[in-house]
Structures are given as structure tokens and as C-alpha cells.
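Below are the chains, spelled out letter by letter.
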Amino acid sequence: MSQAIRDQRRDRIVQVARDVFFEEGFNAATMSTIAARLGGSKATLYAYFKNKEDLFDAIIADQCQVIEKLLMLEEEGADIRTTLIDLGREMVTAMSSDQSVRTMQLIIEESRRNPELARRFDEAGPQVGTERLAAYLAKAHARGEISAPDPVHAAGVLAILLKGELFFRRVLGLEPEPTPERIETEVQSAVTNFLTAYAPK
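Procedures and definitions
Residues numbered from 1 in each chain as written. Predicted model: local features only at pLDDT ≥ 70, side-chain atom pairs only at ≥ 80, totals over all residues. Heavy atoms only, no water. Helix = DSSP H or I, 4+ residues; strand = E, 2+ residues; numbered from the N terminus. Buried < 20%, exposed > 50% of the residue type's maximum accessible area, 1.4 Å probe, protein only. Contact = heavy atoms within 4.5 Å. Areas by Shrake-Rupley, 256 points an atom, 1.4 Å probe, with all protein chains shown as cover. pLDDT = per-residue confidence, 0-100. 1 Å grid on protein atoms, 1.4 Å probe; cavity = no way out; pocket = protein on both sides within 12 Å on 5 of 7 lines; lining within 4 Å. Points joined across faces, edges and corners; volume = space filled by probe spheres on them. Nonpolar A, V, L, I, M, F, W, Y, C, P; charged D, E, K, R; others polar.

A. Examining the overall build of the protein more closely. The helix and strand inventory of the protein stands at ten helices and zero strands. Of the regular secondary structure in the protein, the N- to C-terminal order runs α-α-α-α-α-α-α-α-α-α. The buried share of the protein, taken over its 201 residues, is 39%. Contacts in the protein between residues at least 24 apart in sequence constitute 68% of all its contacts with a sequence separation of at least 6. Carbon and sulfur atoms make up 54% of the accessible area of the protein, which amounts to about 10900 Å² in all.

B. Examining the confidence of the model for the protein more closely. When pLDDT is averaged along the protein, the result is 87, and 93% of the positions lie at 70 or above. When pLDDT is averaged over each helix and strand of the protein, the minimum, 74, is found for helix H4 (residues 52–70) and the maximum, 97, for helix H10 (residues 180–197).

C. View of empty space enclosed by the protein. Here the structure, examined in full by the defined rule, presents one cavity of 30 Å³ or more. If you go around the largest cavity, the residues you meet are Arg 18, Phe 21, Phe 22, Phe 56, Ile 59, Thr 103 and Leu 106. Listed by contribution, the elements that provide at least two residues to the lining of the largest cavity are helix H1 (3–24), H4 and helix H6 (98–111). Sort the elements by how many residues they give to the lining of the largest cavity and H1 lands first, with three residues. Class assignment of the residues belonging to the lining of the largest cavity gives a composition of five nonpolar, one polar and one charged.

Here is the structure:
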């Protein structure tokens, strides 16, 4: 079997598993249900993922590919404001998408019964994002573009500013997916506030 076909099958499995988790909850979902929805045998499913925890990790990893790509913040010649606005625009768009919001709602619902699920999400998503962003901010601090002697803390501050009230209201189901114009307004405001707070001394 070619790698392209294997990748297509894997992507299909992850997509179906995501739908089952959203519909039934992580604890109630079973590998049998996912296999039945796929229309194949459980043996085929287990050939790709040994359990539903591995499937959940794959779902988070797929969503975090956006972060992985965005946090390669080595654009030659881009000033910090331009870089952070580009980053923020993509991050807010990704975080406020229906798929990301549904995933967050799932984690919140299941975390009391299954704290391990929340830990796996945090390690695969937010922690990776913070580490990558902190590495970029440390370089910006060294260049004198900002004053952020604690880049990890600064990365957390920026993430909170970018999420803002919008993300909270999205998770509560109080707002639809934001328009590009709304996202741009939120990102411009967040980056301006961040650069003001961390302006070079």
C-alpha cells in the first residue's frame, strides 16, 4: 500500500473518530463504534491506532499542525509587529473555528471524569505553542525589539490577549464563527497591547 493511500485512510479514521467523540463524548465512544462508522473491520482500525486515546492524540496533533507551521517564526526581515499580527491572525482563526471549539468543549466536558485527557491535550497543544512562541520572543528580546526577560510568561500573556473574550464566548456557544474583519480587530488590539506592555526599556 502506498504511503499516500495510508495517509488518506488515516485522515479518514481521524475525521470519523472526531465526529464520534463529538456526538457521544470521549468516554462513551468505543473503537467498535468508530470501526462501524468507517464501514470496515476493527482490525483495520487497530492497524492504525491501538486505542481511542491514540486517536484523540492524533486529533489534537492534526489541529496543532497549524501551530507547528505558524510558530516557525523565522521570517527574514519581518518586524515583530508584522510577525505577531500574522501569527495572531492565523491562531485566532484556528482557535475560533467550529472544530477547535467543539474539541475544547469535549475536553472540558470529559476532564472531570478523565483528567488524563486534559493533560494529553495540554501537552500536545498549549505547551507546544507556548514553547515555540517563547523561543521567538526570547530572540526578539535579545535583539532589543521587546523587553521580555521571562519569555515563557510573555508568551502566555500574548496567548491570553489573543484569545480574549471572543474565545470564551465561542466556547460557551454564545457567538458564531467570527468574520475575518472581527478577527483582524481582535488581533490588532491584542498585539498593540502586548507590544506596549513589553516595549523596550
